[in-house]
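Spelled out, the chains give:
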Amino acid sequence: MSKIAIRPLGFAAGAEVTGLDLRQPLAAAERGAIHEAWLRHLVLVFPDQDLTPEQQIAFAQKFGDLDGHASQAPSTLHPDHQEILVLTNKQVGGKPSGTHNSGRNWHTDLSYTERPAKGALLSCKEKPPVGGDTMWANLYLAYDTLSPAIRALLEGLEAIHDVTLIKGIEQRDPALVADMKRRNPAVVHPVVRVHPETERKSLLIGQRIRGFVGMSDEESQSLLSLLNTHATSPEFVYRHRWSVGDLVMWDNRCTCHVALADFDQTKPRVMYRCSLEGEQKTGRIVAAAAAGDRTSMLQAVAAVS
Ligand SMILES: O=C(O)CCC(=O)C(=O)O
Ligand SMILES: [Fe+2]
């Protein structure tokens, strides 16, 4: 077995894993060490891993079933591997890609589906000379550091997650956006969630939330702002500066993240993502009506609450 070294990169999250060539089959003990480090550090960085799509998929499958990305527009997937979402600001078919501005507000992957992802593995293929960083926030810490009074308020509270709140979605091809909406009607998830492996509580929060079930719009916006500001406090965040060849694997069950537009948009940035399918369906669809139609969404929520 190779000699794995794990070096923490941040207090809240992040560790670098070296001493492994992920193109090679993984020994059970190596898998175990990575899994343990993943649960502890939430975001693992494997530098200098030049993986083919097949090798990325094979490694990702060691940590769960892969999401087939039915929630995504087909044009945003790798042409030969639907398990890989291609995040690129290069043109696709002569048009801006459907992922050219993905991840620009704080989110937990696929929270706008009934089954948010368990985790994801993102491989950096091309990057601009500076910037294009990604930040992750530790949502265990966010939960743990709330006052008992706010924690009590959140117990049993549910939030409405809405795909139309993806920042910059209006800049994407309207046909693609219509497809995303059709695939992803609004869903409701509990705000406090329990990690199925560590059994620790964390917040399922972020900027793709329309409001909270049973609250007025005003109440929802104030509470959402309070929780999001708190959850993404700098001391809960790990910020990654990418190098080509980095593979980053995060636990989506206790983190949220944001991809920063802090770079020259004329320079290519290309990332391949495998998503691990969520173990649990924690959400339920609330709106047969189009996502983004607030009135019908709230009526639908009231009908099922
Ligand atoms: O491009 C990135 O850095 C991350 C984008 C994102 O949100 C994701 O891959 O889930
Ligand atoms: Fe994401």
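What counts as what
Residues numbered from 1 in each chain as written. Chains lettered and ligands numbered in written order. Predicted model: local features only at pLDDT ≥ 70, side-chain atom pairs only at ≥ 80, totals over all residues. Heavy atoms only, no water. Donors = N, O, S within 2.8 Å, 3.2 Å for Na, K, Ca; no water. Helix = DSSP H or I, 4+ residues; strand = E, 2+ residues; numbered from the N terminus. Buried < 20%, exposed > 50% of the residue type's maximum accessible area, 1.4 Å probe, protein only. Near = heavy atom within 4 Å. Polar contact = N/O pair within 3.5 Å; in protein donor to acceptor, adjacent residues only side chain to side chain. Areas by Shrake-Rupley, 256 points an atom, 1.4 Å probe, with all protein chains shown as cover. UniProt positions renumbered as here; feature names shortened; annotations may be inferred. Pairing = 2+ DSSP bridges. Salt bridge = Lys/Arg side-chain N within 4 Å of Asp/Glu carboxyl O. Expected span 1.5 Å × (residues − 1). Arc of directions from axis to C-beta. Contact = heavy atoms within 4.5 Å.

## A short note on the coordination of the iron ion (ligand 2)
H107 (NE2), D109 (OD) and H257 (NE2) make up the full set of protein donors to the iron ion (ligand 2), lying at 2.1 Å. Counting the intervening residues between successive donors of the iron ion (ligand 2) yields the motif H-x1-D-x147-H. Here D109 is found in the loop between β7 (95-96) and β8 (119-126), whereas its partner H257 is found in strand β17 (residues 255-259), with 148 residues between them in sequence. Accessibility expressed as a relative area gives 2% for D109, which makes it buried. Among the residues examined, H257 registers a relative accessible area of 5% and is labelled buried.

## Some thoughts on the site of ligand 1
For ligand 1, the full set of nearby residues is L87, G103, H107, D109, L122, T134, W250, H257, A259, R269 and R273. D109 places a side-chain nitrogen or oxygen 3.0 Å from an oxygen atom of ligand 1. The side chain of T134 places a nitrogen or oxygen atom 2.5 Å from an oxygen atom of ligand 1. If ligand 1 stood free it would expose 290 Å²; the protein chains cover 98% of that surface.

## Considerations on the UniProt feature "domain: TauD/TfdA-like" (unreviewed entry) in the protein
The positions UniProt marks with the feature "domain: TauD/TfdA-like" (unreviewed entry) are residues 6-274. Segment residues 6-274 splits into 22% helix and 28% strand. End C-alpha atoms: 22 Å apart.

## What about the pairing of strand β16 (residues 247-251)?
Along any regular strand the residues' side chains alternate between the sheet's two faces. Counting buried positions over the five residues of β16 gives five, a clear majority of the element. Burial of the side chains of β16 extends over both faces: L247, M249 and D251 are buried on one face and V248 and W250 on the other. As paired strands, strand β3 (residues 43-46) and β16 are joined by four bridges and run antiparallel to one another. Its bridge partner lying in β16, F46 is registered against L247.

## Quick word on the pattern of salt bridges
When the charged atoms of two side chains lie near each other, side chains of opposite charge can form a pair. Under the criterion given, the structure shown has 19 salt bridges. Linking E36 and R40 is a salt bridge whose minimum nitrogen-to-oxygen distance equals 3.6 Å. Of the two residues, E36 and R40 both sit in helix α1 (residues 28-41), four residues apart, roughly one turn of that helix. A relative accessible area of 51% places E36 in the exposed class. Note that E279 and R253 form a salt bridge whose closest N and O atoms lie 2.7 Å from each other. Of the two residues, E279 sits in the loop between β18 (270-276) and β19 (284-285) while R253 sits in the loop between β16 and β17, which places them 26 residues apart along the sequence. With a relative accessible area of 37%, E279 lands in the partly exposed category.

## Brief notes about helix α6 (residues 217-231)
Look at α6: 21 Å from first C-alpha to last across 15 residues, which is about the 21 Å you get at 1.5 Å a residue. Listing the buried residues of α6 in full gives S220, L223, L224, L227, N228, H230 and A231. Around the axis of α6, the buried residues are gathered within 160 degrees of arc, so they sit on the same side. α6 presents E218 and T229 as exposed residues on the side facing more than 90 degrees away from its buried surface. Among the structural elements, β9 (134-138), α3 (139-144), α4 (148-154) and β14 (209-212) are those in contact with the buried residues of α6.

## Quick notes on the pairing of strand β5 (residues 81-88)
Counting buried positions over the eight residues of β5 gives six, a clear majority of the element. One ladder, built from two bridges, connects strand β4 (residues 77-78) with β5; its direction is antiparallel. Across the sheet, H78 pairs through a bridge with H81, a residue of β5. Where β4 folds back onto β5 in an antiparallel hairpin, the turn is made up of two residues. As paired strands, β5 and β18 are joined by five bridges and run antiparallel to one another. Paired with T88 across the strands is V270, a residue of β18.

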